[in-house]
Each structure stands twice: as C-alpha cells, then as structure tokens.
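Each chain is listed here by its residues.
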Amino acid sequence: MNRLSKFTRPIKRMYKFLFSFTKNKWDLQDYPIEFRQQQILDLSDSNLTMYPWEARIINWYWMNGDGQGIQKEKHI
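Residues numbered from 1 in each chain as written. Predicted model: local features only at pLDDT ≥ 70, side-chain atom pairs only at ≥ 80, totals over all residues. Heavy atoms only, no water.

Draft legend 1. Expanded view of the overall build of the protein. Along the backbone of the protein there are two helices and three strands. The helix and strand sequence of the protein, counted from the amino end, reads α-β-β-β-α. Sorting the 76 residues of the protein into buried and exposed places 24% on the buried side. Across the protein, the fraction of contacts at a sequence separation of at least 24, relative to all contacts at a separation of at least 6, is 23%. (Helix = DSSP H or I, 4+ residues; strand = E, 2+ residues; numbered from the N terminus. Buried < 20%, exposed > 50% of the residue type's maximum accessible area, 1.4 Å probe, protein only. Contact = heavy atoms within 4.5 Å.)

And the structure:
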C-alpha cells in the first residue's frame, strides 16, 4: 500500500460510514471500494488463473474480486 492509499482509506471509510445513516437499502456502490493493480505471476504450471486487477471493500480483505480491468470490476 502506498502513502496516498494510507491517507485516503480512512477518509473513504469515514465518508461511507456517515453516508450509511441516510440509507436503508445498500448497493455495492455504497461500500468503500478500492482497486489495486496486481503483479502477474507465471502460473502456467498450475490450474490457477491470475488477473491484473483486484477490487475489495476497504478493511474487508476476504471480500474481494479479480478481473481483467477496472471497468469490469466496477460492474460486479
């Protein structure tokens, strides 16, 4: 994680937290989501597939998804 992410993550989290008091029904866009470009590893010897982008809800590290690009991730 870079310095900018360390600064913006708490801001996103607090903004979405305060905004949550105005909503009864949540959509995926209502959660604080961050996108991260991953380094692609050579997995040719295995059955695994690695994608260049990861999207995850901030502080929910088990709630993530991988994809070919940011636009595909935004339409989960």
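Additional details are given in the paragraphs that follow.
Draft legend 2. Structural detail: the side chain of Arg9. Its location among the elements puts Arg9 in helix H1 (residues 3-20). Take Arg9: its relative accessible area is 7%, and that puts it in the buried class. One polar contact links Arg9 to Glu34, side chain to side chain, over a distance of 3.3 Å. (Polar contact = N/O pair within 3.5 Å; in protein donor to acceptor, adjacent residues only side chain to side chain.)

Draft legend 3. Representation of the sheet that holds strand E3 (residues 60-67) within the structure. Read from one edge to the other, the open sheet built from three strands follows the order E1-E2-E3, with strand pairing classed as antiparallel. The two strands at the open ends of the sheet, each matched to only one other strand, are strand E1 (33-37) and E3. Strand-to-strand, the axes of this sheet are offset by a mean angle of 25 degrees, without reference to chain direction. Pairing of E1 with strand E2 (residues 53-57), which is carried by five bridges, proceeds in the antiparallel orientation. When the sheet's bridge partners are listed, Gln37 is paired in E2 with Trp53. (Pairing = 2+ DSSP bridges. Axes fitted to C-alpha atoms, helices over the stretch in contact; angles between N-to-C directions.)

Draft legend 4. Representation of H1 within the structure. Over its 18 residues, H1 extends 26 Å from the first C-alpha to the last, a length consistent with the 26 Å expected when each residue adds 1.5 Å. For H1, the elements touching its buried residues are E1 and E3. (Expected span 1.5 Å × (residues − 1).)

Draft legend 5. Structural detail: the confidence of the model for the protein. Taken residue by residue, the protein gives an average pLDDT of 79. The fraction at 70 or more is 89%. Model confidence for the protein, summarised as mean pLDDT per element, is weakest for helix H2 (residues 70-74) at 58 and strongest for E2 at 86. (pLDDT = per-residue confidence, 0-100.)

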